[in-house]
Amino acid sequence: MSTKYRHQVLQLYRTLYYMGKEYPKGADWFHSRLKNAFQKNMNEADDQKVAELLKRGEFVVKELEALYSLRKYRAMKNRYYDEN
């Protein structure tokens, strides 16, 4: 990996690690999968491939945000609205 993507990769990892603390299957499950995914691509040297992987990681961040928003919405709906 070139040094120009190093900061972005580290920031993505930190973001995903932090977001994984609230994952429904558990933080340990998420963190182990996250670590394996980053280690699998650790030796990637092609800048174009690294950019694609970063894009995929940003997509995952957006999907997690949507998952958490939906979970919050459902909790609020169940709390304040009667099912009848």
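Residues numbered from 1 in each chain as written. Predicted model: local features only at pLDDT ≥ 70, side-chain atom pairs only at ≥ 80, totals over all residues. Heavy atoms only, no water.

1. Quick notes on the nonpolar core
Grouped together as the largest cluster of nonpolar side chains are 12 residues: Tyr5, Val9, Leu12, Leu16, Met19, Phe30, Leu34, Val50, Leu54, Val61, Leu64 and Tyr68. Mapped by element, the contributors of at least two residues to this core are helix H1 (3-19), helix H2 (27-40) and helix H3 (47-80). What leucine 12 contacts, discounting residues up to four positions off in sequence, is Phe38, Leu54, Gly57, Glu58 and Val61. (Core = buried A, V, L, I, M, F, W, Y, C linked by side-chain atoms within 4.5 Å. Buried < 20%, exposed > 50% of the residue type's maximum accessible area, 1.4 Å probe, protein only. Helix = DSSP H or I, 4+ residues; strand = E, 2+ residues; numbered from the N terminus. Contact = heavy atoms within 4.5 Å.)

2. Quick look at the packing of H1 against H3
As a packed pair, H1 and H3 sit with axes 10 Å apart at the nearest point and diverge in direction by 20°. The orientation of H1 relative to H3 falls into the category roughly parallel. The crossing of H1 and H3 is left-handed. Residue-level contacts link Lys4, Tyr5, Gln8, Val9, Leu12, Thr15, Leu16 and Met19 of H1 to Asp47, Val50, Ala51, Leu54, Gly57, Glu58, Val60, Val61, Leu64, Glu65 and Tyr68 of H3. Partitioning the contact of H1 with H3 into residue classes produces 12 nonpolar, three polar and four charged. (Axes fitted to C-alpha atoms, helices over the stretch in contact; angles between N-to-C directions. Parallel < 35°, antiparallel > 145°, perpendicular 65-115°, else oblique. Left-handed = near helix turned anticlockwise from the far one by under 90°. Nonpolar A, V, L, I, M, F, W, Y, C, P; charged D, E, K, R; others polar.)

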